[in-house]
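Structural description and commentary
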Amino acid sequence: DGGITQSPKYLFRKEGQNVTLSCEQNLNHDAMYWYRQDPGQGLRLIYYSQIVNDFQKGDIAEGYSVSREKKESFPLTVTSAQKNPTAFYLCASSAGLAGGHEQFFGPGTRLTVL
Amino acid sequence: GQSLEQPSEVTAVEGAIVQINCTYQTSGFYGLSWYQQHDGGAPTFLSYNALDGLEETGRFSSFLSRSDSYGYLLLQELQMKDSASYFCAVRDQGQAGTALIFGKGTTLSVSS
């Protein structure tokens, strides 16, 4: 079955540590996205990538980094520079520019900083 | 900048009809999307309106008025499983057109 997988589902981290969240898709989608969701809030865009080896900052990119070395994979690193990293992180993909209105989401990773 | 406004909460009973409104401000506009998210889950795509009018998909319909910068999601024959958060979203012109800007969401509670 095609879809998006994120791992791990729950992640705990100590302050000052970097952590990488995994996102893989087998939908053959060109575009991939990372969003952050805080309780009672909408989704805020962290980074997105429209094609391999290219990515763009979203509204809240500070303290995060990404890579897009393969079409299927778009990992997100939460660095120690991110002041308030505890949140629900969602990865999504779409069929590129024409399909950007319909994004397919992974199950999310809930990050807690201890 | 771009912004979307939608009510924070809506309550209804099973079998009823509910309308969730969304107003938006954008520098450019491709269309309005709607997503559903159950508590703790992933958002799922419901509908998309690029042109004025009503789009119907089963019990759910979505409406758009481009001249009023306004849309709504209409849910009919409500069921308990419809209790969820609903988000409207627009394409972000400032981000080369593929990324979405989401509203803060409307929590729908359906009671028996």
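What comes next is a walk through the structure. Because the structure is predicted, anything quoted here is derived from the model rather than measured.

1. With respect to the overall build of chain B
Of regular secondary structure, chain B possesses zero helices and 11 strands. Starting at the N terminus, the α and β elements of chain B follow one another as β-β-β-β-β-β-β-β-β-β-β. A globule of 112 residues ought to have a C-alpha radius of gyration of about 13 Å, and chain B, at 14 Å, matches this closely. Its C-alpha atoms put chain B at 45 × 30 × 20 Å along the principal axes. Taken over 112 residues, chain B has a buried fraction of 50%. In chain B, once contacts between residues fewer than 6 apart in sequence are set aside, the share between residues at least 24 apart is 56%. Surface exposure of chain B reaches about 5,100 Å², of which carbon and sulfur atoms provide 46%. One way to put it: in chain B the 5 positive side-chain charges average out to a point 6 Å from where the 11 negative ones average out.

2. Some points on the overall build of chain A
When you go through chain A residue by residue, the secondary structure sums to zero helices and 11 strands. Computed over the C-alpha atoms, the radius of gyration of chain A is 13 Å, within 12% of the 13 Å expected from 2.2 N^0.38 for a compact globule of 114 residues. Projected onto its principal axes, the C-alpha positions of chain A cover 40 × 25 × 25 Å. Burial analysis of chain A (114 residues in total) assigns 50% to the buried set. A total accessible area of about 5,500 Å² is found for chain A, and carbon and sulfur atoms account for 49% of it. When the 11 basic and 11 acidic side-chain charges of chain A are each reduced to a single mean position, those positions are 8 Å apart.

3. A few points about the interface of chain A and chain B
Residue-level contacts link 25 residues of chain A with 21 residues of chain B. Carbon and sulfur atoms make up 55% of the area that chain A and chain B hide from each other, which totals about 1,800 Å². Put simply, chain A and chain B have zero salt bridges between them. For the interface between chain A and chain B, the tally reads four residue pairs in polar contact (both at pLDDT 80 or more). The dominant element in the side of chain A that touches chain B, judged by the number of residues it contributes, is strand β5 (residues 43–51) of chain A, at four residues. Within the side of chain A that touches chain B, the residues separate by chemical class into 10 nonpolar, 11 polar and four charged.

4. Regarding a nonpolar patch on the surface
A grouping of Tyr 10, Phe 12 and Leu 114 of chain A is seen on the molecular surface, where their side chains present a nonpolar patch of about 400 Å² in accessible area. You can see Phe 12 of chain A is positioned in strand β2 (residues 10–13).

5. Digging into the state of the cysteines
Going through the model one piece at a time under the given rule, you end up with two disulfides over all chains. Note that Cys 23 of chain A is cross-linked by a disulfide to Cys 91 of chain A, the S-S spacing being 1.9 Å. Where Cys 23 of chain A bonds to Cys 91 of chain A through sulfur, the torsion about that S-S bond is close to -75°, and the disulfide is left-handed. Of this pair, Cys 23 of chain A sits in strand β3 (residues 19–25) while Cys 91 of chain A sits in strand β9 (residues 87–94); the two residues are 68 residues apart in sequence, bridging distant segments of the chain. Like Cys 91 of chain A, Cys 23 of chain A is buried. Disulfide pairing is shown between Cys 22 of chain B and Cys 88 of chain B; the S-S distance is 2.2 Å.

Conventions and cut-offs
Residues numbered from 1 in each chain as written. Chains lettered and ligands numbered in written order. Predicted model: local features only at pLDDT ≥ 70, side-chain atom pairs only at ≥ 80, totals over all residues. Heavy atoms only, no water. Helix = DSSP H or I, 4+ residues; strand = E, 2+ residues; numbered from the N terminus. Rg over C-alpha atoms; globule rule 2.2 N^0.38 Å. Buried < 20%, exposed > 50% of the residue type's maximum accessible area, 1.4 Å probe, protein only. Contact = heavy atoms within 4.5 Å. Areas by Shrake-Rupley, 256 points an atom, 1.4 Å probe, with all protein chains shown as cover. Lys, Arg positive; Asp, Glu negative; His and termini not counted. Charge placed at Lys NZ, Arg CZ, Asp CG, Glu CD. Buried area = accessible area lost by both parts, 1.4 Å probe. Salt bridge = Lys/Arg side-chain N within 4 Å of Asp/Glu carboxyl O. Polar contact = N/O pair within 3.5 Å; in protein donor to acceptor, adjacent residues only side chain to side chain. Nonpolar A, V, L, I, M, F, W, Y, C, P; charged D, E, K, R; others polar. Patch = residues over 30% accessible without salt bridge, like charges linked within 9 Å, V, L, I, M, F, W, Y side chains within 5 Å. Disulfide = S-S within 2.5 Å.

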